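One letter stands for each residue in the lines below.
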Amino acid sequence: MTTARILDFIRTRRPDGPCLVVDLDVVRDNFQSFSKALPDSAIFYAVKANPAPEILRLLANLGSNFDCASVAEIEMAMKAGATAHRVSYGNTIKKERDIARAHALGVSLFAVDSHEEVEKIARAAPGARVFCRVLTDGEGAEWPLSRKFGCVPQMAVDVLVYAHQLGLTSHGVSFHVGSQMTNPEAWDSALGDAKRVFDKLAQQGIHLKMVNMGGGFPTRYLKDIPTAQVYGQAIYASLRKHFGNQLPETIIEPGRGMVGNAGAIKAEVVLVSRKSDEEDVRWVFLDIGKFGGLAETMDEAIRYSIVTARDGDAMEPCVLAGPTCDSADVLYEKTPYPMPVSLTIGDEVLIEGTGAYTSTYSSVAFNGLEPLRSYVI
Ligand SMILES: *Cc1c(COP(=O)(O)O)cnc(C)c1O
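Bear in mind the structure is a predicted one, so any value in this text is a computation, not a measurement.

Caption draft 1: Focus on the site of the ligand. Around the ligand sit 13 residues in total, of which Lys48, Ser179, Glu253, Arg256 and Tyr357 are the nearest. Within the side chain of aspartate 67, one N or O atom sits 3.4 Å away from a nitrogen atom of the ligand. Interatomic distance of 2.6 Å between a side-chain N/O atom of glutamate 253 and a nitrogen atom of the ligand. Protein burial of the ligand: of its 390 Å² of free accessible surface, 90% is covered by the chains. Per-class residue counts for the shell around the ligand are 3 nonpolar, 5 polar and 5 charged.

Right under this line is the structure:
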């Protein structure tokens, strides 16, 4: 699944040390698949998935909008060519002075999930449009987003009424079904919640316009995933079911689904060893681990596809670990990872589907290791 361009780059450039290589052709294909699958939804790329300038520039040229979580991300999106009206400040937790800076840059679309945040926006970005995020249960997501963001739908009604009272434009409702959502039906109940919020506000004379359907679109790791088309059909059917003929404006915010399969990490085996003569499980240590960009292996949640040149040989389950002096820096132990018995110190491995949530997660100098280098080709 890693593209020939990436493999070629690694073979000919022989970059030293672990590195991520991202193929822009795949990002372009993903953008076009989303556009086709949900032709009436505006795409707001979730910048945090991979903010490489080349990716932002490509997406800006293709007409993407950007979901940003900080002023720095807003500035990156604008530097890549997006105007402020193509940017959403989608984090529900913002400093008031950052809201003011975003407002000064021209951003006029903000996420909220509390009365307190509405007050900040009313003071720092008067007249702005706000959407309120509602909680979802995260059921079925391989990287669920817990209860950190969003409020219950009834509170969303109150928050949006309050925003209206404070002179803001109550624009809509948002949700995120959880990242790496492998069930295309997962949007249905959240869209039902959104519709109920729309109805309750309409009863008070406030007419919402927009539903932000978030991210959650998966990347293929070890298991097959449904296509964007399948997600588009399921989501459209749910929109129809809940909103009938009065479809709202919709937004999607793909992060992982836009860039995950566009990248692969080249890494190297540093050590293969055992803990005792009796135990036969081997430990394979790579030059990249949780702190070098593979943070989503936390609780072994995301299980990457790892390819070696010896994959035709006999395989046996190994514990896979990173290079730092931190005992948490173990990737797969509860469910050991099958690796070739012949795997040797110095062998190169390719960790596939790592275009999203890797470079942004890598630490700056843990044990003096440099942050994950990335090449965008
Ligand atoms: C991270 C994030 C996304 C992207 O989620 P994916 O599961 O990577 O698609 C979308 N919207 C918001 C608000 C986010 O914080």
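Caption draft 2: A look at the nonpolar core. Of all hydrophobic cores here, the largest spans 101 residues; its most connected members are Tyr45, Ile55, Phe66, Phe110, Trp187 and Ile351. The element that contributes the greatest number of residues to this core is helix H8 (residues 187–203), accounting for 7 residues. Apart from residues no more than four positions distant in its own chain, isoleucine 55 is found in contact with Val22, Leu24, Val27, Tyr45, Asn50, Val259 and Val376. Within the second largest apolar cluster, 8 residues are counted, among which are Ile6, Ile10, Leu350 and Tyr375.

Caption draft 3: Structural view of the UniProt feature "domain: Orn/DAP/Arg decarboxylase 2 N-terminal" (unreviewed entry) in the protein. Within the UniProt annotation, "domain: Orn/DAP/Arg decarboxylase 2 N-terminal" (unreviewed entry) is assigned to residues 26–259. Overall, residues 26–259 shows 43% helix and 18% strand. The separation of its end C-alpha atoms is 8 Å.

Caption draft 4: Just H8, in detail. Between the first and last C-alpha of H8 there are 25 Å, a value that for 17 residues agrees with the 24 Å anticipated at 1.5 Å per step. By the burial criterion, the buried members of H8 are Trp187, Asp188, Ala190, Leu191, Gly192, Asp193, Ala194, Val197, Phe198 and Leu201. Remark: glycine 205 follows H8 within two positions and exhibits a positive phi of approximately 80°.

Caption draft 5: Quick peek at the UniProt feature "modified residue: N6-(pyridoxal phosphate)lysine" (unreviewed entry) in the protein. Residues annotated in UniProt with the feature "modified residue: N6-(pyridoxal phosphate)lysine" (unreviewed entry) correspond here to Lys48. Tracing the backbone shows lysine 48 in the loop between strand E2 (41–46) and helix H3 (53–62). Aside from chain neighbours lying at most four places away, what touches lysine 48 is Glu73, Tyr357 and Thr360.

Caption draft 6: Here's a closer look at the pattern of salt bridges. A full pass over the atoms with the stated rule returns 17 salt bridges. When the shortest N-O distance is used, the salt bridge between aspartate 25 and arginine 28 registers 3.1 Å. Here the residue aspartate 25 and the residue arginine 28 both occupy positions in helix H2 (residues 24–37), the gap between them amounting to 3 residues, near one helical turn. For aspartate 25, a relative accessible area of 34% puts it in the partly exposed group. Given the relative accessible area of 30%, arginine 28 is considered partly exposed. Of the charged contacts in the structure, one is a salt bridge between arginine 310 and aspartate 347, with a shortest N-O distance of 2.5 Å. Linking arginine 310 in the loop between strand E14 (305–308) and strand E15 (315–321) with aspartate 347 in the loop between strand E16 (330–340) and strand E17 (348–352), this pair joins segments that are 37 residues apart in sequence. Among the charged side chains, a salt-bridge network with shared partners connects Arg5, Asp23, Asp25 and Arg28.

Caption draft 7: A look at helix H1 (residues 4–13). Inspection of H1 places Ile6, Phe9 and Ile10 among the buried residues, and these make up the whole buried set. Projection of H1 onto a plane perpendicular to its axis shows the buried side chains occupying an angular sector of 95°, all on one side. Opposite the buried face of H1, at more than 90 degrees from it, the exposed residues are Ala4, Arg11 and Thr12. In this structure, the buried residues of H1 make contact with strand E1 (19–22), strand E12 (263–273), E17 and strand E18 (373–376). At the exit of H1 stands arginine 14, carrying a positive phi of roughly 45°.

Reading the values: rules and limits
- Residues numbered from 1 in each chain as written.
- Predicted model: local features only at pLDDT ≥ 70, side-chain atom pairs only at ≥ 80, totals over all residues.
- Heavy atoms only, no water.
- Near = heavy atom within 4 Å.
- Polar contact = N/O pair within 3.5 Å; in protein donor to acceptor, adjacent residues only side chain to side chain.
- Areas by Shrake-Rupley, 256 points an atom, 1.4 Å probe, with all protein chains shown as cover.
- Nonpolar A, V, L, I, M, F, W, Y, C, P; charged D, E, K, R; others polar.
- Core = buried A, V, L, I, M, F, W, Y, C linked by side-chain atoms within 4.5 Å.
- Buried < 20%, exposed > 50% of the residue type's maximum accessible area, 1.4 Å probe, protein only.
- Helix = DSSP H or I, 4+ residues; strand = E, 2+ residues; numbered from the N terminus.
- Contact = heavy atoms within 4.5 Å.
- UniProt positions renumbered as here; feature names shortened; annotations may be inferred.
- Expected span 1.5 Å × (residues − 1).
- Salt bridge = Lys/Arg side-chain N within 4 Å of Asp/Glu carboxyl O.
- Arc of directions from axis to C-beta.

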